[in-house]
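Working through the structure, step by step
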Amino acid sequence: MRTEVLVVLLALGLSCALVCTEDDVKDDKLQVRETREAVKTDRRQREDEAGVEMSDEPAEVEEQTKPKKKKTPEEIEAARAKKAAEKEAKAKKQKGPKPTKKPKAPKPTKKPKPPKPTKKPKAPKATKRPKTTTTAQPDTTVQSGTKEQTDTKRTSLEEEEERLMIELGWDTLFRPVTPKSPDTWVEPVEPDLVPGGYPRKEATTTEVIMYIPEETTVVPYVGPWYEEYDYADLAAKKQEEEEERARKEKAEKAERLRKQWEEEEEERLRQMAVPVEPKKCPPLGLESHRVEEDQLLASSQSHHGFTAQRGRLNMQGSDNEEDLYGGAWCAEPEETNHWFEVDARREVEFTGVITQGRNSDTVEDFVSSYYVAFSNDSRDWTTLHDGYAEWLFYGNVDKDTPVMSQFSAPVVARYIRILPQSWNGSLCMRVEILACQLPSSYQSENEVNPSDDLDFRHHNYKEMRQMMKVINEECPNITRIYNIGKSAQGLKMYAMEISDNPGEHETGEPEFRYTAGLHGNEALGRELLLLLMQFICKEYNDENPRVRRLVDGVRIHLVPSLNPDAYELAFEMGSEMGNWALGHWTEEGYDIFENFPDLNSILWGAEDRGWVPRVVPNHHIPLPENSLNGSLATETRAIISWMERTPFVLGANLQGGEKLVAYPFDMQRPPISLTESRRWRANAEMNEETWARIQRQNEGALRETPDDAMFRWLAMSYAHSHLTMTETYRGSCHGDDVTGGQGIANRASWKPVVGSMNDFSYLHTNCFELSIFLGCDKFPHESELPLEWENNREALLSFIEQVNRGIKGVVRDVEGNPLANATITVEGIRHDVRTAQGGDYWRLLNPGEYRVTAKAEGYTPQTRLCMVGYDSGATPCSFTLAKSNWDRIRQIMAQNGNRPIRLVPKVTVVKTTPASVVVTTIDWHAAAQRAERLRRLRILRLRRLRQMRLRGEFSITSTTTATTTTTTAAPTTIPKTETTTSWYDSWFPVDSWSTENPFDSINFESGPTQDYPFEFSID
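Residues numbered from 1 in each chain as written. Predicted model: local features only at pLDDT ≥ 70, side-chain atom pairs only at ≥ 80, totals over all residues. Heavy atoms only, no water.

**Remarks on the state of the cysteines**
In the structure shown here, the tally under the stated rule is five disulfides. Disulfide pairing is shown between cysteine 281 and cysteine 436; the S-S distance is 1.7 Å. Residues cysteine 281 and cysteine 436 are joined through a disulfide that is left-handed, its torsion about the S-S bond being -110 degrees. Taken together, the positions of cysteine 281 in the loop between helix 4 (234–272) and strand 1 (296–298) and cysteine 436 in strand 8 (residues 428–437) put the pair 155 residues apart, joining distant regions of the chain. The exposure class assigned to cysteine 436 is buried, which follows from its relative accessible area of 11%. One disulfide in the model links cysteine 330 with cysteine 428; its S-S distance is 1.9 Å. Between cysteine 330 and cysteine 428, the disulfide has an S-S torsion of 115 degrees and is therefore right-handed. Pair noted here: cysteine 330 is in strand 2 (residues 329–330) and cysteine 428 is in strand 8, with a separation of 98 residues, a long-range link. The exposure class assigned to cysteine 330 is buried, which follows from its relative accessible area of 3%. What links to what in the protein: the bonded cysteines, counted in sequence order, pair as 1-4, 2-3, 5-6, 7-8, 9-10. (Disulfide = S-S within 2.5 Å. Helix = DSSP H or I, 4+ residues; strand = E, 2+ residues; numbered from the N terminus. Buried < 20%, exposed > 50% of the residue type's maximum accessible area, 1.4 Å probe, protein only.)

Structure, rendered in structure tokens:
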């Protein structure tokens, strides 16, 4: 019995528990819905204020209850359990986040989709409240009972809701919302739970469920005042923090040590006084002679020819070692204290010293070590130290190669001394000092401000080619770049033509040339020609009238480098480090200036044999056979070809190592033999000037050209236009002055050479060429180029203007066709010129009156009197030649074996009236020839008689016939008289010496030859 009672109580308890649970779930659902409605209403208000249009109306779901079949108690219990489980799941989903965890903010990218504006929620028709659910109950008793149970549980549910709102932080944002009329709300009751267990008919109404969309705004989260820790990972985090702290401390320590080491290293380097790059300064001017003789002083000298003034870099000694001039400064060997002193005349920055041995072919004398000392008063001297002791500089190891020693820092002083300590052979040395001028109000020779904006620097082969290209681009209308050939290594020898019509020879316009770089180490001429190109282009564009007159009237050719291979070698060594011979020769070992065929010996040999001009001409002497295939450099062949195809009139080659202008002949003629000398003295008709010239020639001191006066004028036009070339009071670069104060010299009397470019140009072409030696320093420093340009600019332009001095013209035939290769002869000058392909010619002459003859093969010569004045410009003197009959005569002679032809002139008889007489006229030309023949025979007869008298083969006997006595007079001797012969007798060998001029029979004033009616017969 007790067991049954317990079972009944347990069943009642379970039923009550289920009913209470269901009521609690329903109350929770209602509160959640009311909360969602409040959140929705507040959000709508905020959106309206912000002007954002959003639709949060929930979809409408209508549920209509349908009559169901009667269910068994088991099914009812299962349904209840299922619903209870679903309600619990929904309740769990509606619960807020845990207080220990911060709720995640919704992703900003996700936005709720607004509902379609066409759909609107349908409210119930009875109550018209969309937020409530009304269910009609058949039994009011059950309804009221349910209401009481709901009220009993409401207090606990509201408290739970408030607690959740506080935890979520929503208590300040929303207020609790309750239904306006709570009495109208009725808790729905399951139809199967009617008391008594009988099923009742249910009256169903539509239930509206409101869904709140996901909140997209960030909801502020108010966390608890305490912070929770994950004590499980606390030890690991602490260990990681300690490791990170140790790692940072280690990195900071390494960085601190590195900075400390860098500071210590900088301080150590600063204390070590490491020498910086030495300052580069130009030479003071010993080699270029800007340092004068009185600025050099030495402790002693071995003998007079080796004074301190001979201690200049690259100083050349005389060939004779016992001569007055040696090739270095040499000290007295018995002295113990040796020094060489240079006075800069004011305080400068000394940066280095260049030393060189003695110039000699027999000995090896040079200084191998030395000290350097400085002073400002020449009494107290301070020797240069290297930080530990006196700085010992190492010098030369041979006599020719320069060695430069640079100081670690510039030394400011006025005087510098070189103190030799050891040497090879005798104590001899040559020196150059490197120094920079200090800023001062006084201008120095090294501080020249040129008036022209040009590129003053040394250019290698590529830079030279680029410079010429730039000039051609700036002045394309007056310039043209071409090459005259290639060097031994294949480098092109570029030339620039400057003319108003470049690329074409204009009739009547003379051709002029400047060449440089025959010796690769003579760089000043190369740079001067590049500067001249820039100057002419710039001034022509600036409308300079003088430059425009030169460009329009002369075709100028400028060749800056005829030996590009050797120049590259000298350029690599530098301006002061190349010796006197480095780069002088070509790659094949030739000196280009002395590498031309020797035509002087051919001319002088023909003159000695009397073959000039009948056999050998005195101009355009042909080249010997195989001369071009012999020992000629590649560059020389190219230059000869260039000379032959261009009708140059005047030219000059720029060299270095001296300061003068040398004119031909460059080769010295051998002295005349003793027998020939007696023969010259026996000629009484020789004038005093010719006799004096021959005497100087016999002495071996001079060899003049037929145009010697013209050459001297050309040389003086350059030397006297140069700013310093005539200042010869200090002597020449390496000895005494050989120019006589004029700055010019005959090369044969100064330094004779064989096969020179000047002699070849004079004897093989029409060009008069000279050698211009620009200065003592072959390769001057860049800082000296502005000064050298100022010294040579006017001279370069003035020499070009001399090409228009003399006469010029065109030789044509009677039909007006130009005659090429016609010969122009000037009376009194035994050197002719030829016309160019266009028949034009130019003959350089000094002012005066000249008888000029034009000759051409197959034409009758013509002679004119031409006047050359002092005005600028050549005098026009053209010729028109008529054809000659000599061509026909030569053909007839060739047909008859070249036998002599006897000309029989016709006799013309003129018949007149009986009173008149018969007049016989003989051609005047035949009469002149007959008279000349008789005169020559008479002279020959007189000479024979004179010789017979001298030999004693002829005696005078007087016979008296008046008496019978016959008296024979004693033979008397005729006084011996000197016989005279002219200088040209050797040209015409006759039976005896003749005093007549063989050219007297030529009538230079005759006009064009006419056709005469000769009758000839073969003897």
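**Quick word on the confidence of the model for the protein**
Do not read the predicted coordinates in detail wherever pLDDT is low. Here the protein averages 77 in pLDDT, and 67% of its residues register 70 or above. Across residues 50–68, where pLDDT falls below 50, the model places 39 contacts with residues more than four positions away in sequence or in other chains. When the criterion is pLDDT under 50, residues 680–684 qualifies, and its contacts beyond four places in sequence or with other chains add up to 15 contacts. (pLDDT = per-residue confidence, 0-100. Contact = heavy atoms within 4.5 Å.)

**Quick word on the packing of aromatic side chains**
By the definition in use, this model includes 24 aromatic pairs. Pairing tryptophan 604 with phenylalanine 665 gives two aromatic rings, centres 5.6 Å apart and planes at 85 degrees, and the pair type is edge-to-face. Note that tryptophan 604 is positioned in helix 9 (residues 600–609) and phenylalanine 665 in the loop between strand 14 (658–663) and helix 11 (674–681), a separation of 61 residues in sequence. There is no split in this pair, since tryptophan 604 and phenylalanine 665 are both buried. By way of ring pairs, the aromatic residues Phe350, Tyr370, Phe374, Trp391, Phe393 and Phe407 are connected into one cluster. (Phe/Tyr/Trp six-rings, centres within 6.5 Å; stacked < 30°, edge-to-face > 60°.)

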